[in-house]
Amino acid sequence: MTDTAAEPVLLTAPREEPDLVPMGHADAVVFAVGDAERAARRYAAALGLRCIAYAGPETGEPETVSYVLRAPGTRIVLTSLVQVIGPRGRELAAHLARHGDGVVDLALAVPDVYYAYDYAVDRGAGPLAEPYEVHDRYGTVVLAAIGVPGGTRHTLVDRSGYAGPYLPGYLPVEHW
């Protein structure tokens, strides 16, 4: 007799439902923090992550400073407020005042942002930003944003046409 508990269980794969939106994986987890550079250095040291990209006033982002950290299968973006100018600054300031440091966006990779956005909104997700394209010398990224109960923003991302470090507006970080 064999020990069936130690053997892999073979199950028939569930049939894909044609009306389900195809999701890839988590593209990035975005945190609002009081000091993005300090948090990035601590995350990098404690978790073995590598800083791969930066955006801030020097790159055309006057309201925020962001560091992108990466390990295999993981991308964490740490963003702090520089000054409140527009809606993004007000949103980050309100989140930090209400909750302190924490997740503000769970970005999801999808093969078709337009379809995924329509699918989610048709089923009750709050429309935060309709699909749009951003580009730089590395290519084009398609983005959209939805809100779900609980308040966390979900950015839908298709970076299949993009070879840059993270998103347009971010510069690669060579040495950390």
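The present account deals with the structure reproduced in this document. As the structure is a computational prediction, the values presented were derived from the model and not from experiment. (Residues numbered from 1 in each chain as written. Predicted model: local features only at pLDDT ≥ 70, side-chain atom pairs only at ≥ 80, totals over all residues. Heavy atoms only, no water.)

## Here we look at the pairing of strand E2 (residues 50-55)
Test applied: Buried, partly exposed and exposed residues are distinguished by accessible area as a fraction of the type maximum, computed with a 1.4 Å probe on protein chains only: under 20%, between the cut-offs, and over 50%, respectively. Every helix listed is a DSSP run of H or I at least four residues long, and every strand listed is a run of E at least two residues long, numbered separately from the N terminus. By the convention used here, strands pair only if DSSP detects at least 2 bridges between them.
When you tally the buried positions in E2, you get five out of six residues, the bulk of the element. Sheet topology note: the E2/strand E3 (residues 64-71) ladder contains five bridges and is antiparallel. Bridging from a neighbouring strand, arginine 50 pairs with arginine 70 of E3. Here E2 runs beside strand E9 (residues 171-172); their pairing, made up of two bridges, is antiparallel. Paired with alanine 53 across the two strands is proline 172, which belongs to E9.

## Regarding helix H1 (residues 36-47)
Stated formally: Expected helix span is computed as 1.5 Å times (number of residues minus one). The arc in question is formed by the directions pointing from the helix axis toward the C-beta atoms. Whether two residues are in contact is decided by their heavy atoms, any of which lying within 4.5 Å being enough.
Taking 1.5 Å per residue, twelve residues should reach 16 Å; H1 reaches 16 Å between its end C-alpha atoms and fits that length. Considered for burial, the residues of H1 that qualify are Ala36, Ala39, Ala40 and Ala44. Looking straight down H1, one finds that the buried residues subtend no more than 130 degrees of arc, so they occupy a single side. Opposite its buried face, H1 presents the exposed residues Arg38, Arg42, Ala45 and Ala46, each directed more than 90 degrees away. Here the buried face of H1 lies against E3 and strand E4 (74-81). Taken from the residues just after H1, glycine 48 is the one with a positive phi, measuring 70 degrees.

## Considerations on the packing of aromatic side chains
For clarity, the threshold we go by: We call Phe, Tyr and Trp rings a pair once their centres come within 6.5 Å, taking the six-membered ring for Trp, and we label the pair stacked below 30 degrees between planes, edge-to-face above 60, and tilted otherwise.
Tallied over the full model, the rule gives five aromatic pairs. With 6.1 Å between their ring centres and 40 degrees between their planes, tyrosine 115 and tyrosine 119 make a pair best called tilted. A residue pair is termed a helical-turn pair when its members lie 3 or 4 positions apart in one helix, as tyrosine 115 and tyrosine 119 do in helix H3 (residues 113-122) at four residues. With relative accessibility at 14%, the residue tyrosine 119 sits in the buried group. On the numbers, 6.2 Å between centres and 75 degrees between planes, the contact of tyrosine 138 with tyrosine 162 is edge-to-face. Taken as a pair, tyrosine 138 in the loop between strand E6 (126-136) and strand E7 (139-147) and tyrosine 162 in strand E8 (residues 153-162) lie far apart in primary sequence, 24 residues in all. Relative accessible area serves as the criterion here: at 25%, tyrosine 138 is assigned to the partly exposed category.

Structural measurements only, silent on function.
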